[in-house]
Amino acid sequence: MEKEMYNFVTRGGDKVSLRPELTAGICRAYIQHGMNVLAKPIKLFSTGPVYRYERPQEGRYREHYQVNFDSFGEQDPILDAQMIQVAHRMLQSLGIKAVQIQVNSIGCPVCRKEYKELLMNYLESKKNKLCQDCKRRLATSPLRVLDCKEEKCSQVSAAAPQSIDHLCEECRVHFKSLLEYLDELELPYVINPRLVRGLDYYTKTVFEVWPAEEEGSTDRSEAADAMTDS
């Protein structure tokens, strides 16, 4: 949430922060209402306004609406596939047909630790070629460097170690199963090794839906072969 929290002081002197996303509230409701005793998985839907301040991402307004689909209680990759399918169907229902799913795995805390060390060593050797923001990110969130849109940073990240090459056995099987489910659902995907999330609580599958004309890194047949051979 770097530089994006919308904070201000009211006339009464109260310090206020507008919610930047919906996940925290959903988790609070799950605990508050004792939903942990219900049959798993528990699937929840929510939507509402959220707020970003100084540097909202491209295509976002400071106030925008977010749609959340959350699943609690299981970690089966079929749930990831279902979430991706829901996102794809929503866009299709809006008449947006030419889309492509960008997908990657950033592993779990076990295998990500080793990967982050490997990535850090590589990025440190290329530090003089990075933008100022990415030089600062090296100390706090090195994975975010892979997502930088600056041309010189994109050139550096293109040759960086890829997270899917350094997954533990559990994460590798999880990701391979996800790709198999996407194939069964006939969803148009590519593996994008530069697709990451910087916060530590994100694990395993990450995905985004892009316009179909955007270039992906690996087509679906190459992706399946890569996971089979690993």
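Preceding this paragraph is the structure being described.
Nothing here was measured: the structure is a model prediction, and the numbers come from that model. (Residues numbered from 1 in each chain as written. Predicted model: local features only at pLDDT ≥ 70, side-chain atom pairs only at ≥ 80, totals over all residues. Heavy atoms only, no water.)

On to the overall build of the protein chain. Scanning the protein chain from terminus to terminus reveals 7 helices and 7 strands. Along the protein chain, helices and strands appear, N-terminal first, in the series β-β-α-β-β-α-β-α-α-α-α-β-β-α. By residue count, 36% of the 230 residues in the protein chain fall in the buried class. Residue pairs at least 24 apart in sequence account for 70% of intrachain contacts in the protein chain once pairs closer than 6 positions are excluded. Split by element, the accessible area of the protein chain, about 13800 Å² in all, is 50% carbon and sulfur. (Helix = DSSP H or I, 4+ residues; strand = E, 2+ residues; numbered from the N terminus. Buried < 20%, exposed > 50% of the residue type's maximum accessible area, 1.4 Å probe, protein only. Contact = heavy atoms within 4.5 Å. Areas by Shrake-Rupley, 256 points an atom, 1.4 Å probe, with all protein chains shown as cover.)

Moving on to helix α5 (residues 151–158). Since one α-helical turn is 3.6 residues long, residues separated by three or four positions face the same way. Those residues of α5 that sit buried are Cys153, Ser154, Val156 and Ser157. Viewed end-on, α5 has its buried residues packed into an arc of 160°, placing them on one side of the element. Facing away from the buried side of α5, by more than 90 degrees, are the exposed residues Glu151, Gln155 and Ala158. Against α3 (109–125) and α4 (132–140) lie the buried residues of α5. (Arc of directions from axis to C-beta.)

Time to look at the side chain of Asn68. Take Asn68: it is sitting in strand β4 (residues 63–72). The exposure class of Asn68 is buried, given its relative accessible area of 8%. Polar contacts involving the side chain of Asn68 include one to the side chain of Asp70, which spans 3.2 Å. Dropping the residues within four chain positions of it, Asn68 is found in contact with Leu22, Thr23, Ile26, Leu44, Phe45 and Ser46. (Polar contact = N/O pair within 3.5 Å; in protein donor to acceptor, adjacent residues only side chain to side chain.)

Let us now look at the sheet that holds strand β5 (residues 99–105). Sheet architecture is open: 3 strands sit in the order β6-β5-β7, paired in mixed fashion. The sheet is open, and its two borders are formed by β6 (189–191) and β7 (205–211), each paired with just one other strand. Strand after strand, the sheet turns through a mean of 30° between neighbouring axes, direction not considered. Inspection of the sheet shows β5 paired to β7 by 7 bridges, in the antiparallel sense. Residue pairing across strands places Ile101 opposite Val209, the latter belonging to β7. Docked against the sheet, helix α2 (residues 77–93) engages β5 and β7, running at close to 15° with respect to β7. (Pairing = 2+ DSSP bridges. Axes fitted to C-alpha atoms, helices over the stretch in contact; angles between N-to-C directions.)

On to the packing of aromatic side chains. The tally for this structure, following the rule as stated, stands at 4 aromatic pairs. With a centroid separation of 6.4 Å and an interplanar angle of 90°, the aromatic rings of Tyr6 and Phe8 are classed as edge-to-face. Phe8 sits in the partly exposed class, given a relative accessible area of 35%. Their ring planes at 45° and their centres at 5.4 Å tell us that Phe45 and Phe69 sit as a pair that is tilted. Of this pair, Phe45 sits in strand β3 (residues 42–51) while Phe69 sits in strand β4, and the two are 24 residues apart along the sequence. Taking the relative accessible area as the measure of exposure, Phe45 reaches 55% and is therefore exposed. The rings of Tyr6, Phe8 and Tyr53 are connected pair by pair, giving a single aromatic cluster. The ring of Tyr53 has Arg62 sitting right over it, with the charged end atom 4.6 Å from the ring centre. (Phe/Tyr/Trp six-rings, centres within 6.5 Å; stacked < 30°, edge-to-face > 60°. Lys NZ or Arg CZ within 6 Å of the ring centre and 35° of its normal.)

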